[in-house]
Amino acid sequence: MITAQGLSRRFGGRTAVHDVTFSLAAGDVLAIFGPNGAGKTTLLRMLAGLLKPSEGTGSVAGVALPGGAELRAAIGYISHASMLYGALSARENIELAAKLFGVRDPRGISTRALERMELHDRADTPVRLLSRGMQQRVSIARATVHDPLVVLLDEPFTGLDDSGSAALGAHLAMLRATGTTLVLVTHSIAEGLALATHAAIMRDGALVRLEKGEAIDPATYLTVYREHVTHGA
Amino acid sequence: MTSPSSAGPASGAAKSAGGIDWLFLVAVLAIAAALARVIYYTPFEAVQGPAQKIFYLHLPAALDAFMAFGVVAISGIAYLWLGDLRLDRAAESSAEVGVVFTTVVLVTGPLWARPVWGTWWTWDARLTLTLFLWFIYVGYLVLRGAIDDRALRARYSAILGILGSLLIPFIHLSVYLFRTLHPRPIVIKPSAPSLPPEMLTTLVISFVAFTLFYLALVRQRYRLATERDLLELEEGR
Amino acid sequence: MAPSTLSAAFLIARKDLAIEFRTRTAFFSAAVFALLGIVIFYFAWDPTAVASIDLAPGVLWAIFTFSGLLGLQRSFGIEQADRAIDALLGAPITRESIYLGKAMANLVFVAAVQVIAIPAVQLFYGVPLLENAALLALIALLAAIGLVAVGTLFSAMAVNTKLAEMLLPVLSLLFFVPVVIPAAQATARLIAGRPGSEIVGWLKLLVAFDIVFVAACTLAFPFTIEE
């Protein structure tokens, strides 16, 4: 579903992502951990088709990077910023996305998405009046309105309280259960591991450790992470 | 290995990468020679007298300024196409030198206009165009200064450089139409260049000297830009 | 099936106008700004020295450009606020459709300000602007297209710079020169009751500007957003 072969990205002379290689099958969940400035967001934006790789190749949902509209149609992108228009209601935001993605019956799809996210009673409230947790739910509904094969998440837990985090985790588990491939960038180890089938640690633009589900021991992973991140820094 | 472009020509040349900057030296000598010819070996113009001699600075500077902004636009197009930062450095250097040359035009113009036209400034079509030219490329330099990200700076400057060159004919046309449709108090217009051979030779020599000077300045400025980019790269690591 | 460039542009324009209609902040401030400007300009001149018929076209167009800037300032501000621009960029639509959509919304914005400012100039300056409403509307539309084409592009660029609020007017006003001169000149001839042949040249200049800059800015826009 996702392959990356030696992906690199430079900004001017600065290298943000260096030689990243991995591959994921449908239904896999890759959690990428790393400190700020490790290049996690840049990697995600390359996979989302928002940034051109400087070097290396990759493909998402069978489309080579940096794909055009076809690639973007297969991806849902969620970040800690809501990516919503505060003056518009939840329904309007979701419906706009549905129309831009060319989904059939945008009205019906939005209504169902609102119900699934338990937002139907606040559907017509301007988004800026909703709580952070509710906004994040609208965000997810917006990003998944076209049933993407791949969902990319950039620090989605930021700014959420415990119940908000739990709800988000449950929604992501639901996506995983339907066979959606997820790439989750975060620095919160526990929340990431709860979902992950694959885990990676990123530092200075490179993946310094990548392992599959069975090999991950949640009890010791934090120690492993600290070793890798502080090592040589 | 530093090349301070702000230092005098001699010291700047001596310290730059290849020892003496021969181009710079030649350009300075050429300017000196051209000025000597302007002052000592070119006759006075009958009507305008000594003031006319500023014309040998004014016109070459204007032509080279236009050339400089042409380079900015062409490097901009090439940069958007190829994404090579060397093209952006060329554009940056050419724009900066172009602004200096345009400033020379804007200073020498009124100096000449005062004795000949009897006024420092008039909204003559060419004068107005030069003023807007200056605004466009000062704006270009302001934009450059307002962006930290190196690649973004290069892209945005390329866009402005291209749009700026598209804007010039429109400003020229609207200012020209504005002038012709709005008759103003008559001032003596500079006659079409039916120059006697001696004056023409001086003009050509001066133009060559200015062009050499332009190339030498751009080369120095380009080296500075390269060093700065390298330095930023090291700091970014 | 993802929407075509034009239908995506309409969706984006409609979204922008819906936001503006909900909040109305930018439009009200632009309209009040325009009215204030018209009034203040009147007192900046000595009416016994300058006839208002000579003054009105210049005032009208100076005010349009400045109040238009208020709308343009906001255009990409609303996209930047919660990074909604990323959602647009992630949608399977062309980059050009984003530019065209934003530009269309800005055009409606500028036109709406014109609808308020033109009668105000007629009222306060006592000049026969609305007598030639159709021709004036044509001048206003052609000029507005030019202003918006360039302004929308610069708005997209300015939000990503350190000088955001200052850079937009600095860059835009320069490019507005070949729009304001023909528009003001054509308007002046219109209210002076000059023959249409005197206006044609100015209109041609406006049309040429619109064609060149709508094309150039549409091509340039994809380079202003991350690649």
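Whatever comes next refers back to the structure up there.
This is a predicted model, so every value here is computed, not measured. (Residues numbered from 1 in each chain as written. Chains lettered and ligands numbered in written order. Predicted model: local features only at pLDDT ≥ 70, side-chain atom pairs only at ≥ 80, totals over all residues. Heavy atoms only, no water.)

To continue, consider empty space enclosed by the protein. Per the counting criterion, the structure on display carries four cavities of 30 Å³ or more. Estimates place the volume of the largest cavity at around 110 Å³. Lining of the largest cavity is provided by 15 residues; of these, Ile75, Gly76, Tyr77 and Phe101 of chain A together with Gly90 of chain C occupy positions nearest its centre. Those elements that provide at least two residues to the lining of the largest cavity are β6 (75–79) and α5 (132–143) of chain A together with α5 (84–90) of chain C. Here the lining of the largest cavity is composed, by residue class, of nine nonpolar, three polar and three charged. Each pocket or cavity is described by its volume, and for the second largest cavity that value is around 80 Å³. What lines the second largest cavity is Met83, Tyr85, Asn93, Leu96, Ala97, Leu100, Phe101 and Arg142 of chain A together with Ala87, Leu88 and Ala91 of chain C. (1 Å grid on protein atoms, 1.4 Å probe; cavity = no way out; pocket = protein on both sides within 12 Å on 5 of 7 lines; lining within 4 Å. Points joined across faces, edges and corners; volume = space filled by probe spheres on them. Helix = DSSP H or I, 4+ residues; strand = E, 2+ residues; numbered from the N terminus. Nonpolar A, V, L, I, M, F, W, Y, C, P; charged D, E, K, R; others polar.)

A separate point is the packing of helix α7 (residues 133–158) of chain C against helix α9 (residues 197–224) of chain C. Residues and elements named next belong to chain C. Direction vectors running N to C along α7 and α9 enclose 25°, while the axes themselves pass 9 Å from each other. As far as their axial angle goes, α9 and α7 are roughly parallel. Judged by the sense of rotation from one axis to the other, the crossing of α7 with α9 is left-handed. Contact with α7, carried on its side by Leu135, Leu138, Ile139, Leu142, Ala143, Ile145, Gly146, Ala149, Val150, Leu153, Ala156 and Met157, involves Ile199, Leu203, Leu206, Val207, Phe209, Asp210, Phe213, Val214, Cys217, Ala220, Phe221 and Thr224 of α9 and no other residues of that element. Residues belonging to the contact of α7 with α9 are distributed by class as follows: 21 nonpolar, two polar and one charged. (Axes fitted to C-alpha atoms, helices over the stretch in contact; angles between N-to-C directions. Parallel < 35°, antiparallel > 145°, perpendicular 65-115°, else oblique. Left-handed = near helix turned anticlockwise from the far one by under 90°. Contact = heavy atoms within 4.5 Å.)

Here the focus is the side chain of Gln114 of chain C. By secondary structure assignment, the location of Gln114 of chain C is in helix α6 (residues 95–125). Those residues in contact with Gln114 of chain C that sit more than four places away from it in its chain are Trp61, Phe64, Pro119, Ala140 and Ala144 of chain C.

Okay, the packing of aromatic side chains next. The full count for this structure, using the stated rule, is 23 aromatic pairs over all chains. Ring geometry for Phe170 of chain B versus Phe209 of chain C: centroids 5.3 Å apart, planes at 75°, classification edge-to-face. Here Phe170 of chain B, found in helix α6 (residues 150–181), pairs with Phe209 of chain C, found in helix α9, and the two come from separate chains. Relative accessible area serves as the criterion here: at 0%, Phe209 of chain C is assigned to the buried category. Both rings, one in Tyr99 of chain C and one in Phe221 of chain C, keep their centres 5.5 Å apart while their planes meet at 35°; by these two values the pair is tilted. Taken together, the residues Tyr99 of chain C in helix α6 and Phe221 of chain C in helix α9 connect sequence positions 122 residues apart. (Phe/Tyr/Trp six-rings, centres within 6.5 Å; stacked < 30°, edge-to-face > 60°. Buried < 20%, exposed > 50% of the residue type's maximum accessible area, 1.4 Å probe, protein only.)

Turning to the interface of chain C and chain B, a few remarks are in order. At the interface, 32 residues of chain C touch 29 residues of chain B. Across the interface of chain C and chain B, roughly 2700 Å² is buried in total on both sides, 82% from carbon and sulfur atoms. Between chain C and chain B we count one salt bridge in total. Taken together, the links from chain C to chain B amount to six residue pairs in polar contact (both at pLDDT 80 or more). Where the side of chain C that touches chain B is concerned, the elements lending two or more residues are α7, α8 (164–191) and α9 of chain C. (Buried area = accessible area lost by both parts, 1.4 Å probe. Salt bridge = Lys/Arg side-chain N within 4 Å of Asp/Glu carboxyl O. Polar contact = N/O pair within 3.5 Å; in protein donor to acceptor, adjacent residues only side chain to side chain.)

Right, let's talk about the pairing of strand β4 (residues 55–60) of chain A for a bit. All names here are of chain A. Bridge analysis of strand β1 (residues 2–11) against β4 gives five bridges, and the strand direction is antiparallel. Residue Thr3 lies in a different strand from β4, and its bridge partner there is Ser59. Looking at chain direction, β4 and strand β5 (residues 63–64) are connected through two bridges and run antiparallel. Following the sheet pairing, Ser59 is matched in β5 by Ala64. (Pairing = 2+ DSSP bridges.)

Turning to the environment of Thr41 of chain A, a few remarks are in order. Secondary-structure assignment places Thr41 of chain A in helix α1 (residues 40–47). The sequence separation of Thr41 of chain A and Thr186 of chain A amounts to 145 residues, and the corresponding C-alpha distance is 9.6 Å.

Residues and elements named next belong to chain A. Along the chain, Pro66 falls in the loop between β5 and α2 (69–72). Put simply, Pro66 and Thr220 are 154 residues apart on the chain and 37 Å apart in space, counted from C-alpha to C-alpha. Those residues in contact with Pro66 that sit more than four places away from it in its chain are Leu51, Lys52 and Pro53.

Right, let's talk about the environment of Ser206 of chain B for a bit. Residue and element names in this part refer to chain B. For Ser206, the location among the structural elements is in helix α7 (residues 197–236). Assessed through its relative accessible area of 2%, Ser206 is described here as buried. For Ser206, the contacting residues outside a window of four places in its chain are Ala34, Tyr56 and Pro60.

Residue and element names in this part refer to chain A. Pairing within the open sheet is antiparallel, and its four strands lie in the order β2-β1-β4-β5. Each having just a single partner strand, β2 (14–24) and β5 make up the two edges of the open sheet. In this structure, β1 lies alongside β2, joined through seven bridges in antiparallel fashion. When the bridges of β2 are listed, Leu7 appears paired with Val20.

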